[in-house]
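These are the residues of each chain, in order.
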Protein chains: 2
Amino acid sequence: MNPIQWFSEISNELWPGQCFSLKVQKVLHEERSKYQDIKIVQSESHGVVLILDGIIQCTERDEFAYQEMISFLPLCCHPNPQRVLIVGGGDGGVAREVVKHPAVQEVHQVEIDERVVELSKQYLPFMACGFESPKVRLTIGDGFEYMKQHEGAFDVIITDSSDPIGPAETLFRESYFELVKRALKPGGIICSQGGSFWLDAGHVRETLDYCRKHFPRVTYGLAAVPSYPTGQIGFFIASLNPETDFREPARKFDDTEIDQMGMRYYTTDIHRSAFTLPRFAAKALNP
Amino acid sequence: MNPIQWFSEISNELWPGQCFSLKVQKVLHEERSKYQDIKIVQSESHGVVLILDGIIQCTERDEFAYQEMISFLPLCCHPNPQRVLIVGGGDGGVAREVVKHPAVQEVHQVEIDERVVELSKQYLPFMACGFESPKVRLTIGDGFEYMKQHEGAFDVIITDSSDPIGPAETLFRESYFELVKRALKPGGIICSQGGSFWLDAGHVRETLDYCRKHFPRVTYGLAAVPSYPTGQIGFFIASLNPETDFREPARKFDDTEIDQMGMRYYTTDIHRSAFTLPRFAAKALNP
């Protein structure tokens with residue numbers, strides 16, 4: 001019998017002094033790809049877990065909350081999101097959600113690390129099923145280059161990236177908002193993983209301020225994801241349309257439609273409440 | 001130099017397979033009281049932490065979210081909460097919040113373990129300051145006995161208890177709702193720590209169903225508290241007044257009032273959104 005093993009998500013840079021751990025039944029795969037350390041484990045309580053560079057990207061138990069919210073918050077704020085770009089998202093979870101939206105006709109996805117895609121197909125079929133839709137066209141490559149070559153091409157761009165907190169990411173973010181802006185059609189909307197204000201409200205505010213330089217409408221929405229640090233994750237959402245009201249979705253689904261699409265987290269009411277922040281956060285993030 | 005020490009919150013019964021840990025700079029106090037193990041530590045990232053029977057009760061960094069929500073959700077649903085009973089809450093945090101509400105005239109509190117009160121005064125003055133208000137009358141004793149002796153006495157009863165999940169707690173909960181009902185004045189409202197549906201939606205539903213046997217209006221509200229398992233905590237809220245609309249508070253405070261009261265989490269918008277649940281939870285908890 002093996003001794004009990006825990007995977008502990010320690011990051012002195014991103015969340016010093018705290019740590020979330022999952023009991024591991026079996027390590028399913030481990031490798032160093034060209035870009036990162038990839039680890040896939042079977043956990044006792046959270047199903048299969050994908051870990052990149054020592055950080056939990058998703059667990060089978062609660063990934064739906066993240067994937068639904070990063071997809072449907074921007075999609076439902078857009079009156080007609082026909083062409084969508086996903087940057088990153090190599091596990092397929094965002095693609096799985098985006099294709100559910102009835103207005104979506106084409107999903108272009110650019111993931112830099114093909115090993116994440118291949119391993120997700122093998123070990124995370126509940127997410128990688130997103131790649132099976134005929135709407136999805138996957139390119140292995142650099143999302144930044146792809147956007148430069150596709151100016152004015154997309155209604156919605158979703159960036160499913162690694163954590164934006166940390167000094168190396170600051171420059172990335174400033175140029176990023178300019179780049180995604182150019183890849184959007186008029187009235188386009190972007191959504192990007194935006195960290196948690198419980199960890200570092202100052203950094204979230206800084207990135208929001210970069211975004212405000214390039215977009216007339218900017219906000220920060222929330223989802224509860226228990227296996228992420230602090231149990232919450234935020235999203236930067238910005239629109240080129242100054243009339244966009246993020247709180248009141250342009251497209252509303254009733255409970256029957258929500259259930260038919262197999263949604264387990266997103267509803268129109270959840271959409272509205274995602275933009276209500278605790279008082280300290282509202283004061284820290286807004287001008 | 002001491003080696004790095006972590007406190008790990010392991011519970012095979014309440015949250016098997018997962019664990020939250022905090023880096024400990026110094027153990028400030030440890031004892032076995034008549035009722036429980038009490039541990040108070042200085043953490044590296046979360047300030048002072050109170051731990052009872054191995055479970056984190058509150059951290060200096062995020063306790064305000066819990067205290068404000070368990071207090072102001074029920075208080076603001078009541079049109080005139082003059083007399084309030086707090087059961088438990090020996091750290092003083094709930095009392096600190098309850099006395100802020102301008103309608104509150106008397107706060108009766110019953111805590112069984114006087115050592116929690118004494119140690120909180122010594123090590124958690126940012127919470128124990130709640131006991132200093134002239135509105136608060138603290139009794140060391142059994143909350144159940146106290147309620148039996150005070151029938152029809154209170155407008156609002158807040159139970160700041162340990163976790164309700166686990167087999168031993170089931171019977172407790174069924175008799176509990178009958179008891180608090182009798183201690184309420186007509187139209188009275190209760191609020192009680194209600195666990196997280198991310199951990200065990202079936203148990204939350206079961207307890208809600210007990211509550212529905214005794215109260216005409218019952219709901220479950222949410223707060224984000226990063227240092228609790230799953231990062232969220234829920235509350236059972238019930239009213240004897242069948243007209244109570246939990247989502248639309250009877251008492252609304254504007255931002256100026258909120259800031260004057262020193263609130264860091266609660267706002268009227270947060271109140272409204274606290275009752276919006278993810279789709280899977282809404283389906284699991286409602287009849």
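Parameters and conventions
- Residues numbered from 1 in each chain as written.
- Chains lettered and ligands numbered in written order.
- Predicted model: local features only at pLDDT ≥ 70, side-chain atom pairs only at ≥ 80, totals over all residues.
- Heavy atoms only, no water.
- UniProt positions renumbered as here; feature names shortened; annotations may be inferred.
- Phe/Tyr/Trp six-rings, centres within 6.5 Å; stacked < 30°, edge-to-face > 60°.
- Lys NZ or Arg CZ within 6 Å of the ring centre and 35° of its normal.
- Contact = heavy atoms within 4.5 Å.
- Buried area = accessible area lost by both parts, 1.4 Å probe.
- Salt bridge = Lys/Arg side-chain N within 4 Å of Asp/Glu carboxyl O.
- Helix = DSSP H or I, 4+ residues; strand = E, 2+ residues; numbered from the N terminus.
- Pairing = 2+ DSSP bridges.

An unreviewed UniProt entry lists chain A under the name PABS domain-containing protein, with Anopheles farauti given as the organism. Per UniProt, chain A has the following entry under Sequence similarities (unreviewed entry): "Belongs to the spermidine/spermine synthase family."

How two aromatic rings sit relative to each other is given by the distance of their centres and the angle of their planes. Applying the stated criterion to the full structure yields 32 aromatic pairs over all chains. Among the aromatic residues, those joined into a ring-pair cluster are F64 and Y265 of chain A together with F144, Y176, F177, F197, W198, Y220, F236 and F280 of chain B. Above the face of the F64 of chain A ring, R264 of chain A is positioned so that its terminal group lies 3.9 Å from the ring centre.

As a further point, take the interface of chain A and chain B. At the interface, 42 residues of chain A touch 42 residues of chain B. Both sides together, the interface formed by chain A and chain B hides about 3,200 Å², and carbon and sulfur atoms give 58% of it. The largest contributions to the chain A side of the interface with chain B come from G17, W198 and R279 of chain A, which together make up 22% of the buried area. Along the contact surface separating chain A from chain B lie six salt bridges. One salt bridge in this structure joins K283 of chain A and D259 of chain B, with 3.3 Å as the shortest N-O distance. For the side of chain A that touches chain B, the secondary structure elements donating two or more residues are β2 (18-32), α1 (63-77), α7 (197-214), α8 (255-260), α9 (268-273) and α10 (279-285) of chain A. At six residues, β2 of chain A tops the list of elements feeding residues into the side of chain A that touches chain B. Bridge count for β2 of chain A against strand β2 (residues 18-32) of chain B is five bridges, and the pairing is antiparallel. Paired with L22 of chain A across the strands is Q18 of chain B, a residue of β2 of chain B.

With that settled, the discussion passes to the environment of P249 of chain B. All names here are of chain B. Within the element layout of this structure, P249 appears in the loop between β12 (232-239) and α8 (255-260). Considered as a pair, P249 and L285 are 36 residues apart in the sequence and their alpha carbons are 22 Å apart. The contact partners of P249, leaving out residues within four places of it in the chain, are C76, Y266, T268, H271 and R272.

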